[in-house]
Amino acid sequence: MPENIPDLDDISRHLFAPAMGSPGGELIWVNVFMFKTERNFRESVVWRKYAPMIADVHRHGCAKQDNDRRNGKDCTYFGALTGSVHEVRNIRSKSGARFQVLHVPDEGNHHAEISYLQDRVLTKNDKAELKGEIKKRFQARSDHTCP
Amino acid sequence: MSLQSRMYDDPSLSSDADIAFGLPPQNDISSDILDYEERKLQLQSIIEQMIHAAPSYDSDPVAVREGAAATAQRFLQVLPINRELPKVAPDGEGDLLFVWEPPHGNCIATVQEDMLHLVDQPGTAHAAHIDAQQFTGGHIPVQILHAIPMR
């Protein structure tokens, strides 16, 4: 059953090479948060209520890496970025467009999603500005190497 | 006009006045132009590859539409040499992003087929949206060109 995610909670975004960058290297931010059409403009994050320690976040990242590799995908989990729900919900484009953060427990209780709040028609510039701003809210990085 | 003819036909690149006003000597300017044009070609090549398979976080390739790619390549062709070159990325919706990040400017352009959008100074109190400017080649719309950082 989906729950309301409080503003004061934290969320973490998994990092996968090669698309998002490389361990210890610079991140390719436009790939960290892309909001693809194919995923209905949603990006997955870990709700820290159900993964309180960073080791818990990494455990989910390792599991996703294993699952993706089993499906033939080239990906290596190399860490996570953490930010606060409040900071993400507080981002505004010039015209007032913003994100929502929702609990989507279909992949486990820890699973949440960031997406555009559909309270208006978003322009290309709204989306570009929101994407440009979200990276500033995920500056706490924890690197990881899967065992 | 070819790169070579641009280098040799432009009298401003070989005049004594350049040196008198403290500009680099001709060889340095020529080298700078070559580097700039080489980086433009690299960007255009990257855009060409994105039509087939642009990178994406989940390893599922993101498609970039041919029309958007062609428009982005035309944009680079006519981008004046006194402007910074952008980083390029798919926007996840079939179009392309050109990104100028500090210290080399602060704006993001989205390129659709024959259409440009630009947000200048995103996330600041001075943010400005320039929406849906037609661009079929030739000249970059003035409003957009003015927002692109000088180098």
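Computed from a prediction, not measured in an experiment: that's the story for all the values here.

Now for the nonpolar core. Residue and element names in this part refer to chain B. Leu96, Leu97 and Val111 are the most contacted members of the largest nonpolar core, which has 59 residues in total. Broken down by element, the residue count for this core peaks at 5 residues, all from strand 2 (residues 96-100). Discounting residues that sit within four places of it in the chain, leucine 96 has contacts with Ile47, Val64, Ala68, Ala69, Ala72, Val88, Pro90, Asp91 and Val111.

Moving on, we get to the interface of chain A and chain B. Counting from both sides, the interface comprises 23 residues of chain A and, opposite them, 21 residues of chain B. If you list the elements that add at least two residues to the side of chain A that touches chain B, you get helix 1 (29-32) and helix 4 (124-134) of chain A. When the residues that make up the side of chain A that touches chain B are grouped by side-chain class, the tally is 9 nonpolar, 6 polar and 8 charged.

Of note, the bond from alanine 17 of chain A into proline 18 of chain A is cis; its omega dihedral lies within 30 degrees of zero at 5 degrees. Relative to the helices and strands, proline 18 of chain A resides in the loop between strand 1 (10-17) and helix 1. With an omega of 5 degrees, the peptide bond between proline 102 of chain B and proline 103 of chain B qualifies as cis. Even without a glycine there, the phi angle at glutamine 121 of chain B is positive, about 55 degrees. Note on placement: glutamine 121 of chain B falls in the loop between strand 4 (115-120) and strand 5 (128-134).

Residues and elements named next belong to chain A. Among the 8 residues in strand 1, 6 count as buried, and that is most of the element. Relative to strand 3 (residues 76-84), strand 1 runs antiparallel, the two being bridged by 8 bridges. Across the sheet, the residue bridging to aspartate 10 is serine 84, located in strand 3. Pairing analysis gives 2 bridges linking strand 1 to strand 2 (residues 42-47), with the strands arranged antiparallel. By the bridge assignment, serine 12 is partnered in strand 2 with valine 46.

This part is about the sheet that holds strand 1 (residues 87-90) of chain B. Residue and element names in this part refer to chain B. Spatial strand order, 1-2-3-4-5: 5 strands in an open sheet with antiparallel pairing. Across the chains shown, the open sheet's two edge strands, defined by having one partner strand only, are strand 1 and strand 5. Here the average twist between neighbouring strands, direction ignored, is 20 degrees. For strand 4 and strand 5, the ladder comprises 5 bridges, and the chain directions are antiparallel. Bridge pairing in strand 5 places methionine 115 opposite glutamine 134. Strand contacts of helix 4 (residues 66-78): strand 2 and strand 3 (107-112), with the helix running at about 130 degrees to strand 3, the strand carrying the most contacts.

Criteria and cut-off values
Residues numbered from 1 in each chain as written. Chains lettered and ligands numbered in written order. Predicted model: local features only at pLDDT ≥ 70, side-chain atom pairs only at ≥ 80, totals over all residues. Core = buried A, V, L, I, M, F, W, Y, C linked by C-beta atoms within 7 Å. Buried ≥ 20, exposed ≤ 12 C-beta atoms within 10 Å, placed from the backbone. Helix = DSSP H or I, 4+ residues; strand = E, 2+ residues; numbered from the N terminus. Contact = placed C-beta atoms within 7 Å. Nonpolar A, V, L, I, M, F, W, Y, C, P; charged D, E, K, R; others polar. Pairing = 2+ DSSP bridges. Axes fitted to C-alpha atoms, helices over the stretch in contact; angles between N-to-C directions.

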